[in-house]
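Below are the chains, spelled out letter by letter.
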Amino acid sequence: MSAGTKDYYAVLGVERTASEAEIKKAFRRKARECHPDVCNDHDAEERFKSVNEAYDVLSDHSKREMYDRFGTVDPRMAGGAQDIGDIFGGGFGMDDLFSVFFGGMAGGASRRARTQGRDMAVQITITLEEAAEGVAREIAVNRLVPCEECGASGSSDGSGTSECPDCGGAGQRRTQQRTFLGVMQTVSPCERCSATGHVIESPCVECSGQGRVPDRDHVTVEVPAGVDDGNQIRMRGMGEAGFRGAAAGDLIVTVRVAPHEFLHREGSDLHARMPLTVTEAALGTEMEVPGIDGDVAVAVPAGTQFGDQLRVRGAGMPRLRGSGRGDLIVHAAVEIPRKLTKEQREILGQLAATFGEEPRATPLDRLKEWLTG
Ligand SMILES: [Zn+2]
Ligand SMILES: [Zn+2]
């Protein structure tokens, strides 16, 4: 995204001194203008993205302040921005987005799907430490919310609805077609009333009779301790507002757990590598290993081999379901010294002699032996 190169105020068509309310109003007006059903321009989608990008910055106090000062918003400092998930480029196609924003009637959708708000998907990334403890994370969500202007009724004067003249209140229309197989009857949702069976006498200007408007607000996600990478949290009723006060969809939060510097997770167990010197491995020692919540004392028995696993019970991740914690499994990595001082070489030589080791024949020695033998 070309953040920083655009004049966000110009994109929304507001003054630099515009109030929050003015910015919100301008965003809604512009978002409606870019609707592809209304706007046939080839760049409608691009403009819609720009409008959302501009609103994302200007509706957030700290981002707007940064933008005003520096003319750009550093994505690393735009709190939570990386967590929003690119709902425009990610799992949500533009078609989906427009139909949720404007109640567009893609053919084939069931009546229920049309009136009920859609589920929304977002992704957050947390650290392994946060996964172990649990964390409350605030995220910004662009979504449809109930229209305050009309109390989500969609009607400007409260006159309510009347039976749809096109479908007689059925919400669907039957049409007969003569085909080579005979007369086929097809049932399709009524377009005039969005398959609700009712039409609004005088639609609300703010929401065009939808009973819901685009908005951006903050939602706090409670991530439970023990959550694993890829787990999903379903927040009921926190998705898109329904059509004219119908039930809202859910907000589905996918949790990504960032890889840890030292610890590798497998289920509720954690794995760590523990470098050991030759003497530590041979003689045994007591070591501190960095665990998920502080150092963990590990007793290294004498004669530990490379790859030996030492298990510290209960020092792993908390279990999401059930109780208790997994284990910390420490992998002994015995390191052979690459450089030795003269003294160290002598000591190791003496050690070798105590094992009764003879110096091994080198390939050159064996060649000489073969030539002379
Ligand atoms: Zn309204
Ligand atoms: Zn109808």
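Residues numbered from 1 in each chain as written. Chains lettered and ligands numbered in written order. Predicted model: local features only at pLDDT ≥ 70, side-chain atom pairs only at ≥ 80, totals over all residues. Heavy atoms only, no water.

(A) Inspection of the overall build of the chain at higher detail. Secondary structure summary: the chain contains eleven helices and 15 strands in total. The buried share of the chain, taken over its 373 residues, is 38%. For the chain, the computed accessible surface area is about 22000 Å², with 50% contributed by carbon and sulfur atoms. (Helix = DSSP H or I, 4+ residues; strand = E, 2+ residues; numbered from the N terminus. Buried < 20%, exposed > 50% of the residue type's maximum accessible area, 1.4 Å probe, protein only. Areas by Shrake-Rupley, 256 points an atom, 1.4 Å probe, with all protein chains shown as cover.)

(B) Just a nonpolar patch on the surface, in detail. Together, Leu-340, Leu-348, Leu-351 and Phe-355 give the surface a local cluster of nonpolar side chains, amounting to about 370 Å² of exposed area. Here Leu-340 is to be found in the loop between strand S15 (328-335) and helix H10 (342-354). Since its relative accessible area comes to 33%, Leu-340 is described here as partly exposed. (Patch = residues over 30% accessible without salt bridge, like charges linked within 9 Å, V, L, I, M, F, W, Y side chains within 5 Å. Salt bridge = Lys/Arg side-chain N within 4 Å of Asp/Glu carboxyl O.)

(C) Molecular detail of the coordination of the zinc ion (ligand 2). Around the zinc ion (ligand 2), the protein contributes the donor atoms Cys-164 (SG), Cys-167 (SG), Cys-190 (SG) and Cys-193 (SG), which lie 2.2 to 2.3 Å from the metal centre. Every donor counted, the four donor atoms about the zinc ion (ligand 2) form angles of 102 to 115° at the centre, which fits tetrahedral coordination. Considered as a linear motif, the donors of the zinc ion (ligand 2) on their single chain read C-x2-C-x22-C-x2-C. Placement of Cys-167 in the loop between strand S3 (161-163) and strand S4 (172-179) and of Cys-190 in the loop between strand S5 (182-189) and strand S6 (198-200) is noted, with a sequence separation of 23 residues between them. Across the pair, exposure class does not vary: Cys-167 and Cys-190 are buried alike. (Donors = N, O, S within 2.8 Å, 3.2 Å for Na, K, Ca; no water. Tetrahedral: all angles 85-135°; square planar, octahedral: opposite > 155°, others 65-115°.)

(D) Looking closely at the pairing of strand S12 (residues 285-291). Examined bridge by bridge, S12 and strand S13 (residues 294-300) share seven bridges and lie antiparallel to one another. Bridge pairing in S13 links Met-287 to Val-298. Connecting the antiparallel pair S12 and S13 is a turn made up of two residues. (Pairing = 2+ DSSP bridges.)

(E) Local environment of the sheet that holds strand S1 (residues 120-126). An order of S1-S9-S8 is seen for the three strands of this open sheet, with the pairing classed as mixed. Strands at the two margins of the open sheet, each flanked by one partner only, are S1 and strand S8 (232-235). Each strand of the sheet is rotated relative to its neighbour by a mean of 25°, with strand direction disregarded. (Axes fitted to C-alpha atoms, helices over the stretch in contact; angles between N-to-C directions.)

(F) Quick look at the packing of helix H3 (residues 44-58) against helix H4 (residues 61-70). With their axes 6 Å apart at the nearest point, H3 and H4 run at an angle of 100° to one another. Taken together, H3 and H4 sit at an angle that is classed as roughly perpendicular. Along its contact with H3, which presents Asp-56, Val-57 and Leu-58, the element H4 presents Lys-63, Arg-64 and Tyr-67. Split into classes, the residues belonging to the contact of H3 with H4 amount to three nonpolar, no polar and three charged. (Parallel < 35°, antiparallel > 145°, perpendicular 65-115°, else oblique. Contact = heavy atoms within 4.5 Å. Nonpolar A, V, L, I, M, F, W, Y, C, P; charged D, E, K, R; others polar.)

(G) Quick look at the coordination of the zinc ion (ligand 1). Within the first shell, the zinc ion (ligand 1) binds the protein through Cys-147 (SG), Cys-150 (SG), Cys-204 (SG) and Cys-207 (SG), at distances of 2.3 Å. The coordination sphere of the zinc ion (ligand 1) comprises four donor atoms, whose angles at the metal cover 103 to 116°; the geometry is tetrahedral. Between the donor residues of the zinc ion (ligand 1), the gaps in sequence give the motif C-x2-C-x53-C-x2-C. The exposure class of Cys-147 is buried, given its relative accessible area of 2%. You can call Cys-150 buried: its relative accessible area is 12%.

(H) The arrangement of unusual backbone geometry in detail. Despite not being glycine, Ala-152 shows a phi value in the positive range, around 65°. Along the polypeptide, Ala-152 turns up in the loop between strand S2 (135-146) and S3. Unusually for a residue other than glycine, Ser-208 sits at a positive phi of about 55°. Following the sequence through the fold, Ser-208 ends up in the loop between S6 and strand S7 (212-223). For Ser-208, a relative accessible area of 43% corresponds to the partly exposed category.

The analysis is restricted to geometry; functional conclusions fall outside its scope.
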